[in-house]
Amino acid sequence: MLEIVFNAANWFALPFWALMILLPGWKVTRRVMESLLPIALLAAVYLYLLAGGFSTATLREFFNPQLSLSNLTALFSQPSVMATGWVHYIVMDLFVGRWIFLEGWEKRVWTTHSLLLCLFAGPVGLLSHLLTVAVVQARRQNRSGGKDSRDRSAARVG
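These figures come from a predicted structure and were not determined experimentally.

**Let's talk about the packing of helix α1 (residues 2–22) against helix α3 (residues 37–53)**
Move 1: Put simply, α1 and α3 touch, their axes get as near as 11 Å, and they point 165° apart. Overall, the two elements α1 and α3 adopt an arrangement that is roughly antiparallel. In this structure, α1 meets α3 at a crossing whose hand is left-handed. Side by side, α1 and α3 meet where Leu2, Val5, Ala9, Phe12, Ala13 and Phe16 of the first sit next to Pro38, Leu41, Leu42, Val45, Tyr48 and Leu49 of the second.
Move 2: Considering only residue class, the contact of α1 with α3 consists of twelve nonpolar, no polar and no charged.

Structural data, given as structure tokens:
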């Protein structure tokens, strides 16, 4: 059963990534990604795995303030812990990918590269997006001659 839930979570997330990466301008993609339902469903799978697959001893070890890397490695050698941890990654990466996609849409910033990075290395994709937004906004401000920032400082002063 654990293998089925693990595989289902993997396959469930992939179409959302495909929509954001391959069809970012499609109206259906935006409508689908504005919904939190896919994230909530995956989070429910995570909760199911967490509640059903962890023994009391395993949970106690996770809450041990002196948890060592070797003990954590031993915990993740258990299939139930590894599956739960992997679904955690899927949920969080998809949530961040969704945020990147929607923010990119709102700010009119290209996100395909950041989404690909987020799919395979979550935090790297997030960093890529943050840098992309910063560069695009700086270029836009330079093209407008810094007019936006002058208007804002004049409004604060006056």
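Picking up after the structure, the text goes on.
**Details of the pattern of salt bridges**
Move 1: In this structure the tally under the stated criterion is two salt bridges.
Move 2: Between Arg30 and Glu34 there is a salt bridge whose closest N-O contact spans 3.1 Å. Residue Arg30 and its partner Glu34 are both found in helix α2 (residues 27–34); the two are separated by four residues, about one turn of the helix.
Move 3: Of the charged contacts in the structure, one is a salt bridge between Lys107 and Glu103, with a shortest N-O distance of 3.3 Å. Here Glu103 and Lys107 lie together in helix α6 (residues 79–107), a separation of four residues that amounts to about one turn.
Move 4: Taking the relative accessible area as the measure of exposure, Glu103 reaches 14% and is therefore buried.

What counts and how
- Residues numbered from 1 in each chain as written.
- Predicted model: local features only at pLDDT ≥ 70, side-chain atom pairs only at ≥ 80, totals over all residues.
- Heavy atoms only, no water.
- Axes fitted to C-alpha atoms, helices over the stretch in contact; angles between N-to-C directions.
- Helix = DSSP H or I, 4+ residues; strand = E, 2+ residues; numbered from the N terminus.
- Parallel < 35°, antiparallel > 145°, perpendicular 65-115°, else oblique.
- Left-handed = near helix turned anticlockwise from the far one by under 90°.
- Contact = heavy atoms within 4.5 Å.
- Nonpolar A, V, L, I, M, F, W, Y, C, P; charged D, E, K, R; others polar.
- Salt bridge = Lys/Arg side-chain N within 4 Å of Asp/Glu carboxyl O.
- Buried < 20%, exposed > 50% of the residue type's maximum accessible area, 1.4 Å probe, protein only.

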